[in-house]
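Breakdown of the fold
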Amino acid sequence: MDLWTKTVSGIIAQVALLLCSLYGTNGEERNGGVPSCLKVKCKKLFVSHSQDTETVEDDDVKFIYIQTGIDKIQECVSQLDEELEIQEGTNTILVVSRQKWKVLRCVTARWCPICSLQPSEAPRACPAVMDRASPNSTGEKYFSDPSTAGAGGWSPLTSDRYQWLEVDLGERTKITAVATQGRYGSSDWLKSYLLMFSDTGHNWKQYRQEDSIGSFPGNSNADSVVQYKLQQPAIARFLRLIPLDWNPNGRIGLRLETYGCPYTSDVVSLDGSSSSLVYRLSPGPKQMSREVVSLKFKTLRNSGILLHAEGPGGLSLSLELERGKLLLLLRRGRSSSSEPRRLASLGSLLDDQHWHHVAVERRSSHLNLTVDKHTERVQIPSEFNHWDIEQLSVGVLSKRNFHGCLENLLYNGLNLIELAKHKDHQVTVMGNVTFSCAESVSVSVTFPGSQSFLQLPGAMPSTSEGVSVGFQFRTWNKAGLLLTFSLPQQGGVVWLYLSEARLRLQIHKFDRLLLELSTGSGLNDGQWHSVELNSGRSRLTVSVDKEEGGVAHASPSFPVSIGSQLFFGGCPAEEDSQECKNPFNVFLGCMRLITVENQPVDLIMVQQRLLGNYSHLQIDMCGIIDRCSPSRCEHGGRCSQSWTVFHCNCSDSGYSGATCHSSVYEQSCEAYKHNGNTSGHFYIDVDGSGPIKPQLGNTWMVIEHNNTELTRLRPSPGRNQSVHFNYSTEEEQLLAFISQSEHCEQELSYHCKKSRLLNTPEGSPFSWWLGGPGTGRLQTYWGGAQPGSQQCACGLQGDCVDPQHYCNCDADRLEWTEDSGLLTHKESLPIRSLVLGDIQRPGSEASYRVGPLRCHGDKSFWNAAFFDKETSYLHFPTFHGELSADISFLFKTTASSGVFLENLGIRDFIRIELSSSTQVVFSFDVGNGPLEVHVESSVPLNDNRWHRVRAERNVKEASLRLDELPAATQEAPADGHFHLQLNSQLFIGGTASRQKGFRGCIRSLQLNGVTLDLEERAEITPGVRPGCPGHCSSYGSLCQNRGRCVERASGFHCDCGLSAFTGVFCHTEVSASFKSETSVSYTFKEPYELSRNSSALPSSIYSDMTLRGENISLSFRTNQSPALLLYVSSYYREYLALLINKHDKLEVRYKLDSNREAEVLTSGVRSLADGQLHAVTIRRLTHSVSLQMDQNTREDFNLTSDGEFNAVKSLALGRVHDSGELDPDLARLASLGFTGCLSVVRFNSISPLKAALLHPHTSPVVINGPLVQSNCGTSASANPYAAENTNHLSDQSGSVGQPLVNAMRTDSALIGGVIAVVIFVIVTGLAITARFLYRRKETYRNQEVKGVKQEDSQDFTFNN
């Protein structure tokens, strides 16, 4: 039933408003702060309603001065010639008409200067007066003082969401709070509601908290008062309250109070054509360090030049609207048509005819641009550093002039509109400028949900020969039904809808498509688009933004006309509608300016149920929200949106998650390493989710600067020379690298000829450098020395060319010398500049080199604390993660539960805990009630192994990851709170209640990319110990191929001494290419060494002299047949040989008795000389021998000879040069050598190929011919970095049990010691020189042992 036709006891509710509002005081306060005299404006409004019209009659306004008090109010009342009853409240006097349909309210005791109160003072109530309510409302009184138990309240006849209560404050007011109370003596109260504001009583704007929350909490009973302070004050004349939820056992009931203060402003209106306002500054130098221009504006146009600032040289800045966004543009040249440069873009949907605040603050080299609540810092070109504003213009004469209203235009606090009103000579007003804001009424309607639709009557029968429908819409959705109607005669249906952001029209009849048109594109951009649908005389036209060419035509063979009803946006529920069917999505967006048969539709009549029908609409407002302005997507993620949600495209950003918050990269090479990655180049994000961008690097992060070459200095008489270095990385990133790394270094070299460097530690230095954060601090030491020493490396080592000086260059000699070394004091890095002084004298020459900054290690990765009691915890300052929070850490424990982390607020909190032995829970509350995300593990988590936890919470969702299990997520409420507000200390390993604490280790705890120093805090906290041992239980499996995990205080490393492999995890195959002349000979102990005590050396270095078994493995690739792969000899003419015979089969020959022939064991696997990689493993235990070729079945053999291999002498790979003791046929084969690839050769605990390739100078090996290290032993191609033999991810410190040994040392060396001492100096010099020249010659001639670096010195048995 139409609400406007309902009656209550035959009376239509009518309201008359009598308003008595204060305008000011005489400036004095007496009698306890009560003004002694008040100026009162008495205004009488009659509001009458009928079915067709609404009239408002405004009596003459009368002003009188009265003394405060109830007796004096009668003077005001008597002016109105009404029979009124006066009721006195605490702070107010209600004057109620005895005719019971008029209400007068006067303030008697106070004014309301809330904006002048100090923060500690409570707000004072500003009385609100009800103007009108939704059509069916009733109540004894529309308003009752919330501070009293006064009777009455507002209650509509029907309790539904289409009711509202509207307040007219008489003038624009700064509203700071609202208070609600239920209807007196009833069960009627509101549980939640919406607030709307307006300047005109039309074009309402919903008030939102935190840019998202729309609803306000209401009451829980009829008597208590619930006050809500607005986070941002609302400035408006009209306030509308819309009930959302109420007591289910009662109905809507309300008493309302508003709080605020007067709002004064100066307004100017520009017509968009000829009107403008120009302010010319006084000539002369200004030299102001700070300039501020601020204003408010409102407009219906989405483009136009808002403000233009001109300066000398034709340079200018302008603020311009473009598609509803505000652009800050820079122009060079006087013409506004010159091509501008965009400096910033801020805001969106600024053409909504609501006030928007803009401020531009200029500070030296940058600007702060503010639009509403959002500020962006903008760097401006250097030519603006000394630029002064000469002229400020609004309404610039151009084709894109601003059309709308401006308010409070201020330049450095000077009100330019006020100056214009008073016709100040500095302000020029041109054209049609008015000092008020006349607004055109444009009524919009919002379709917010799936049940929204608008139904309007179709054309009259006499005018139904064609179609003429027009409207404007705006939306973010690509699809949705805009309009549908039935064809009255043909039984067809017309659908006008959006699909893929294009406008499409379809006409169907009996489920058959008769006609289809499409036009436009990109119509989901949030802008207003005009649509027209016209038909007549066998021509159908559909257009969108016709002036831009979006028109489509058709000539249907049937008439197209409107039926009895038009449906916009969607259809009624199916049981309620026979005429409307919607096979498409519903429309979510706004419409306005709807016309049918060229007649505008009065949407206010629709709202009053006087025209058409609707459901779930918001009339007289457009509720569109730009969820991408400002963008919630972090780190350059691209934001897109629909009507209800936004999405972030994180591709190519290096970050992931719903808001591109969390880095996809690790924060250090150490983290990659312990994920099982090996050497290579990786992106490293040193601050995780922080602002620093990821950088590509390997084990050593190398940061270049603008000059890393050796640079010659030219003499410059009379002055020092300064050199500055600019690094390739942003300052914040640079300092983060240094801070996080375990070690940093930078080479500093000075090459000199009669050019002194530092003088002496007591004298003034000739040269110095600046290093450290910012511009750096002055440093007077050189590379290789200690800070503050004023020395060079030679001074520290005591080997300078002149012992009287501490630098080589300070000797001041005529020949070239140098002082070079590494700077390793992180607090002094990087080098920012050099100042070089002693190059003015005749004959002085010098050059310098500053190398790149190199850092490695991650000191935070192993930062850990051990909690040994449930009551122990660490505490840190409050965690600030209001909009985005990510937390990551590793833990290990034997307990089944405990809280890892907790931080509390007044109501909000965040917590991560081990809730059971298999479940981790991430819980939090941001004001919407507690939410939980949990991950269940299939294996126990209290296994005393490290487990990784990563939790993230943002405005869209919360997620939790445990180890490598899939992430669990929990979506945030679509219209809920999203600011996390915490205020307690952050508790780690426990809670504020000291209950449910965690027992175990927590390591590498990072909050929003910042590592907390657990060890530092644990040092001073009882019950908590710094560090946490036992890493091999978690990471020992990373050590491959018989590598041994060795514990360290912070971390672990893999000892590869017993492995034929190398690398950080003993994972890298050691391979070499052999040519026919290549020979590698490894010498075991000599017999007389067995009697010596070699306990100081690891047993893995030497095999026992008598072997009762062998464990041999190697891989090979060759086309040679026959070929000798490996030969082991003994001092007793026994041997072992591994070879490919002429039939391409593998043979193992054992001669374990010098008096018998060798036993030949032949594998059945064929075609081994095929150029493919083959792996062979041979194991012997006395007489039993097993042979495994590739993945073939193992073959077993038995020897008949003695099971002991006596006095093992040497092992040879490739050609055997000493073949005199070999059998004749084996000697011939040995002389041929081997051509191909050998890889990972292992004989018991010995790795001869590894010794030859990585440590040829320090191992008991002899190399003849070319030996080239390669990756020929890999079965498949790796990534481009896998084959690199660089220091990727390798641990730089030594391993346990790996001293360098000279296996040829014997007792005879001791016997001949005296002779050796005599000839030592001569022999040593000659030997070193000869060996160097020989190996250098062999290297260049045969490319011998290419690419070998010392990455594996820490993991090989033979090292120094």
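Here, residues in each chain are numbered from 1, in the same order as that chain's written sequence. The predicted nature of this model means local features are confined to residues of pLDDT at least 70 and side-chain atom pairs, given and counted, to a pLDDT of 80 or more, with totals for whole chains, interfaces and linings taken over all residues. Computation of side-chain values covers all heavy atoms of the structure but excludes hydrogens and water.

1. Re the overall build of the protein
Secondary structure elements are defined from DSSP: runs of H or I of at least 4 residues count as helices, runs of E of at least 2 residues count as strands, and each element is numbered from the N terminus. Scanning the protein from terminus to terminus reveals 12 helices and 93 strands. A total of 1360 residues make up the protein; the buried ones form 53% of that total. When contacts within the protein are restricted to residue pairs at least 6 apart in sequence, long-range pairs at least 24 apart make up 68% of them. Roughly 60300 Å² of accessible area belongs to the protein as shown, and the carbon and sulfur atoms make up 49% of that amount. A simple rule labels every residue: compare its accessible area, found with a 1.4 Å probe on the protein chains alone, to the largest value its type can have, and call it buried under 20%, exposed over 50%, or partly exposed in between. Contacts were defined at the residue level, with two residues in contact if any of their heavy atoms lie within 4.5 Å. Surface accessibility follows the Shrake-Rupley procedure with a 1.4 Å probe radius. Residue values consider only the protein chains on display as shielding.

2. So, unusual backbone geometry
A cis amide bond, omega 0°, links L829 with the succeeding residue P830. Among the secondary structure elements, P830 is positioned in the loop between β60 (817-823) and β61 (831-836). A cis amide bond links S1121 to the next residue, P1122, at an omega of -5°. Topologically, P1122 is positioned in the loop between β82 (1109-1117) and β83 (1123-1130). Positive phi, close to 50°, is recorded for N408, a residue that is not glycine. Despite not being glycine, D812 has its phi angle at roughly 60°, a positive value. Structurally, the position occupied by D812 is in the loop between α6 (793-797) and β60.

3. Here's the deal with the sheet that holds strand β58 (residues 768-771)
Read from one edge of the open sheet, four strands run β56-β61-β58-β59, paired in antiparallel fashion. Among the strands making up the open sheet, the edge pair consists of β56 (721-724) and β59 (777-779). Neighbour-to-neighbour, the strand axes of the sheet open up by a mean angle of 20°, direction not taken into account. Note: β58 against β59, three bridges, orientation antiparallel. Bridge pairing links W769 to Q779 in β59. One requirement defines pairing of two strands: DSSP has to find at least two bridges between them. Every axis corresponds to a line fitted to the C-alpha atoms, with the helix fit spanning only the stretch in contact, and the corresponding angles, defined between N-to-C directions, vary from 0 to 180 degrees.

4. Focus: the state of the cysteines
Count a disulfide wherever a pair of cysteine sulfur atoms falls within 2.5 Å. Taken as a whole and judged by the stated rule, the model has 15 disulfides. Covalently, C1039 is tied to C1054 through a disulfide, its sulfur atoms 1.9 Å apart. Taking the sign of the torsion about the S-S bond as the criterion, the disulfide between C1039 and C1054, at about -85°, is left-handed. Taken together, the residues span a long stretch of sequence, with C1039 in the loop between α8 (1032-1035) and β78 (1044-1048) and C1054 in strand β79 (residues 1051-1055) at a distance of 15 residues. On the basis of relative accessible area, C1039 is assigned to the buried category, the value being 11%.

5. Here we look at the packing of aromatic side chains
In summary, the pairing rule links any two rings of Phe, Tyr or Trp, Trp by its six-membered ring, whose centres are within 6.5 Å, and it sorts them by plane angle into stacked for under 30 degrees, edge-to-face for over 60 and tilted for everything else. On inspection of all chains with the given rule, the structure shows 31 aromatic pairs. Seen from their ring centres, F900 and F998 are 5.0 Å apart, and the 55° between their planes marks the pair as tilted. Of this pair, F900 sits in strand β67 (residues 898-904) while F998 is found in the loop between β74 (986-988) and β75 (1000-1007), placing the two residues 98 residues apart along the sequence. Accessibility assignment for this pair places F900 and F998 in one class, buried. Relative to F1243, the ring of F1084 lies with its centre 6.0 Å away and its plane at 55°, an arrangement referred to as tilted.

6. A short note on the confidence of the model for the protein
Predictor confidence is given residue by residue as pLDDT, running from a minimum of 0 to a maximum of 100. Scored by pLDDT, the protein comes out at a mean of 79, with 79% of its residues at no less than 70. This stretch, residues 1087-1103, has a pLDDT under 50; its non-local contacts, to residues over four places away or in other chains, come to 29 contacts. Note that residues 1326-1360 has pLDDT below 50 and, in this model, 89 contacts with residues that lie over four places away or in other chains.

7. Some words on the pairing of strand β89 (residues 1195-1198)
Residues E1195 and F1197 line the buried face of β89, whereas the alternating positions D1196 and N1198 sit on a face that is not buried. Linking strand β88 (residues 1184-1189) to β89, which pair antiparallel, is a turn of five residues; within it D1190 sits at a positive phi near 50°.

8. Focus: helix α9 (residues 1224-1232)
Taken residue by residue, α9 has L1226, A1227, L1229 and A1230 as its buried positions. All buried residues of α9 project into a common sector of 165° when viewed along the axis, lining one side. Set apart from the buried face of α9 by more than 90 degrees, the exposed residues are P1224 and R1228. In this fold, the buried residues of α9 make contact with β83, β84 (1135-1140) and β85 (1146-1151). G1233, located one to two residues past α9, shows a positive phi value of around 75°. Read the arc as the range of directions from the helix axis to the C-beta atoms.

9. Here we look at the side chain of R474
Mapped onto the elements, R474 comes out in strand β35 (residues 467-474). Any pair of N or O atoms that falls within 3.5 Å is considered a polar contact. Within protein, one atom must be able to donate a hydrogen and the other to accept it, and sequence-neighbouring residues count only if both atoms are side-chain atoms. Polar contacts involving the side chain of R474 include one to the main-chain carbonyl oxygen of G526, which spans 2.8 Å. Apart from residues lying up to four places away in sequence, R474 is in contact with L349, D351, G526, Q527, W528, F587, G589, C590, C622, I624 and W643.

10. Focus: the environment of G927
In this fold, G927 is placed in the loop between β69 (919-925) and β70 (931-936). Taking the C-alpha atoms as reference, G927 lies 5.7 Å from H977; in sequence the two are 50 residues apart. Each residue touching G927, except ones within four places of it in the same chain, is listed here: D908 and H977.

11. Describing the environment of G990
Structurally, the position occupied by G990 is in the loop between β74 and β75. With 121 residues separating them in the primary sequence, G990 and K869 have C-alpha atoms 9.5 Å apart. The contacts of G990, once residues within four sequence positions are left out, are S872, Y873, V899, F900, E902 and G997.

12. Some words on the pattern of salt bridges
Counted as salt bridges are all cases of a side-chain nitrogen of Lys or Arg within 4 Å of a carboxyl oxygen of Asp or Glu. In this structure the tally under the stated criterion is 37 salt bridges. With its nearest N and O atoms 3.4 Å apart, the salt bridge here joins K298 to D199. Here D199 lies in the loop between β13 (190-198) and β14 (205-206) and K298 lies in strand β20 (residues 290-298), a separation of 99 residues in the sequence. In terms of burial, K298 and D199 fall into one category: buried. Where R1149 meets E1147, a salt bridge forms, and the shortest distance between an N and an O atom there is 3.1 Å. Across the pair, E1147 and R1149 agree in class, each one buried.

13. Side note on the pairing of strand β86 (residues 1159-1162)
Where burial is concerned, the two faces of β86 differ: the one with E1159 and L1161 is buried and the one with V1160 and T1162 is not. When β85 meets β86, the two strands line up antiparallel, connected through four bridges. Looking across to β86, one finds that R1149 is bridged to V1160.

14. Things to note about the sheet that holds strand β39 (residues 512-519)
One open sheet holds the seven strands; their spatial order is β39-β38-β37-β36-β43-β34-β46, and the pairing between them is antiparallel. Sheet topology places β39 and β46 (613-615) at the edges, where each strand pairs with a single neighbour. The average undirected angle you get between the axes of adjacent strands in this sheet is 15°.

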